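Structural description and commentary
Residues per chain, in single letters:
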Amino acid sequence: MPLPEHLILEIVTPERSVVSEQIDEVQIPGTEGSFGVRPGHTPLLATLQVGELWYRRGEETSHVAVSFGFAEVQPDRVTILAQIAESAEDIDVTRATDAEQRAKKRLDTPALDMDFERARIAMLKSLTRLRVASRARNRV
Amino acid sequence: MASLLDIRRRIRAVKSTQQITKAMKAISASRLRRAQESMMGARPFANQMERVLGGLAGQVDTSAHPLLTQRAPDAPDRPTLIIVVSADKGLCGGFNSNIVKQAGEVIANASGAGVSLGLVGKKGREFFARRGFDVRFELVDIFASLKYAHAQAIAREAVTAFIEGEVDSVHVVYNEFKNVLQQQVVVNQVLPIKPLVTGDADGERLPDYLYEPDPAQIFDSLIPRHVEVQFYRALLESAAAEHAARLTAMEAATKNATEMIADLTLYMNKVRQAKITGEIIEIVSGAEAI
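What comes next concerns the included structure. (Residues numbered from 1 in each chain as written. Chains lettered and ligands numbered in written order. Predicted model: local features only at pLDDT ≥ 70, side-chain atom pairs only at ≥ 80, totals over all residues.)

Quick notes on the overall build of chain A
Basically, it comes down to this: Helix and strand labels come from DSSP, where a helix needs a run of H or I of at least four residues and a strand needs a run of E of at least two; each type is numbered from the N terminus. Think of it as a crowd count around each C-beta: if 20 or more other C-beta atoms lie within 10 Å the residue is buried, if 12 or fewer it is exposed, and in between it is partly exposed, with C-beta placed from the backbone throughout. Contacts here follow a simple rule: the backbone-placed C-beta atoms of the two residues must lie within 7 Å.
A tally of regular secondary structure across chain A gives two helices and eight strands. For chain A, the sequential pattern of α-helices and β-strands runs β-β-β-β-β-β-β-β-α-α. Along the first, second and third principal axes, the C-alpha set of chain A runs to 60 × 35 × 25 Å. Taken across its 140 residues, chain A has 35% of its residues classed as buried. Nonlocal contacts in chain A, meaning residues at least 24 apart in sequence, comprise 56% of its contacts between residues at least 6 apart.

A closer look at the packing of helix H4 (residues 148-163) of chain B against helix H5 (residues 215-289) of chain B
All names here are of chain B. Selection criterion: Fitted lines through C-alpha atoms give the axes, limited to the stretch in contact for helices. The angle between two N-to-C directions lies from 0 to 180 degrees. In what follows, roughly perpendicular refers to angles from 65 to 115 degrees, roughly parallel to angles under 35, roughly antiparallel to angles over 145, and oblique to any angle outside these ranges. For any pair of crossing helices, the crossing counts as left-handed if the nearer helix is rotated counterclockwise from the farther one by less than a right angle, and right-handed if it is rotated clockwise.
Where H4 contacts H5, the axes come no closer than 8 Å and their chain directions differ by 120 degrees. The orientation of H4 relative to H5 falls into the category oblique. Note that H4 runs across H5; the crossing there is right-handed. Only Pro224, Val227, Glu228, Phe231, Tyr232 and Leu235 of H5 make contact with H4, whose side of the interface consists of Tyr148, His150, Ala151, Gln152, Ile154, Ala155 and Val159.

Quick look at the pairing of strand S2 (residues 17-23) of chain A
The two faces of a sheet get side chains in turn, since along a regular strand they alternate between them. Residue and element names in this part refer to chain A. Our working rule: For two strands to count as paired, DSSP must find a minimum of two bridges between them.
Pairing of strand S1 (residues 7-12) with S2, which is carried by six bridges, proceeds in the antiparallel orientation. Residue Leu9 lies in a different strand from S2, and its bridge partner there is Glu21. Where S1 hands over to S2, the hairpin turn is made up of four residues, counted between the paired strands.

Examining the sheet that holds strand S2 (residues 115-120) of chain B
Residues and elements named next belong to chain B. Reading across the sheet, the five strands line up as S3-S2-S1-S4-S5 and stay open at both edges, with mixed pairing between neighbours. Two strands bound the open sheet, and with one partner strand each, they are strand S3 (134-139) and strand S5 (182-191). Strand-to-strand twist of the sheet, defined as the mean angle between neighbouring strand axes without regard to direction, takes the value 20 degrees. Note: strand S4 (residues 169-179) against S5, nine bridges, orientation antiparallel. Within S5, the residue paired with Glu176 across the bridge is Gln184. Taken strand by strand, helix H2 (residues 95-109) contacts strand S1 (80-85), S2, S4 and S5, and its axis lies near 150 degrees from that of S4. Contacting S1, S2, S3, S4 and S5, H4 runs over the sheet at an angle of about 160 degrees to S3.

Any link to function would need more than the numbers given here.
If you want it as structure tokens, here you go:
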């Protein structure tokens, strides 16, 4: 069987479909490390962690912030089901900065009953958002 | 006989009511469109999820998962958690009363250990909160901007109650959107999760995947999502059904108002003519008298 030339990437959240495109390459933040997928990849099912996903179509690269969910890879198709997925253009930088400040403050002033894991994830999420957003601005 | 002025006043009142029902109808129509769009938007996620879970179910020992375990038959009876999804607002025909009626039946048929309620939407809360039921949680004012996070909040409550062994099962009662003219009240068991269909419905199996991490872990991380998705679907269906019900109700109200105005106008004309006739007779008989 000849290798497919392109991948179809679909990123869906419970609320809507974020990306549905034909692409050449995608990099996915898996729980056990980031991995890249090009056309003809062997079928794979992986869970995601909070992180940055990027995909390339020709020369053009796009970034998406994703958190939790899983990726289903087939030779000609990648389906990402994520709880949250925001492409760089959609991210509200002010909100993300606020969230980052809040998370930082919480981590800096630890309280007895505080949920460290949640604070850490909040921090991670906001940082990912900011990083992805900054890439969008660099491109234009 | 009512005076002309009274009838005119009445017509004006009906007309302004009609304007309101017309406006509400237009609003419902646009909200319904949006609700349907979000229902469509949620579908791919739910479908993919079920497909992958079905594939995984064939490879993992699903009976071990706490959310899939049926309560042992010899265990003492514990209450059933019933989550009632109603609307926040009225003026939508039988929407809320149907839900309340159906929920009442489910409660009446529940096992000896009784029920615990989760109330979503103001109308259902108004009804049940005062009747001395054990209310685990309530969630109101969410339908104006329905988010996945709301479904997550409900799922968290339901899963905690179930895992802690406080309830035997979790059911959700909501209005299903069949089409614009029809809503149907459905009762779904959410927990324990019904055994999953393994493989694809059309007999096509999932390809042999590499798993990262192993299937059991992926399965464990997906199952809670699956519960959330089910609640999210119930909320979306209910929202769409509510707008559809209101659309139909307001259309009927507008039509009734039109009929009422026609009747009143006819009546008003009759009264006016009777009055004119009366006046003419008075004048004629007055002239004859001279």
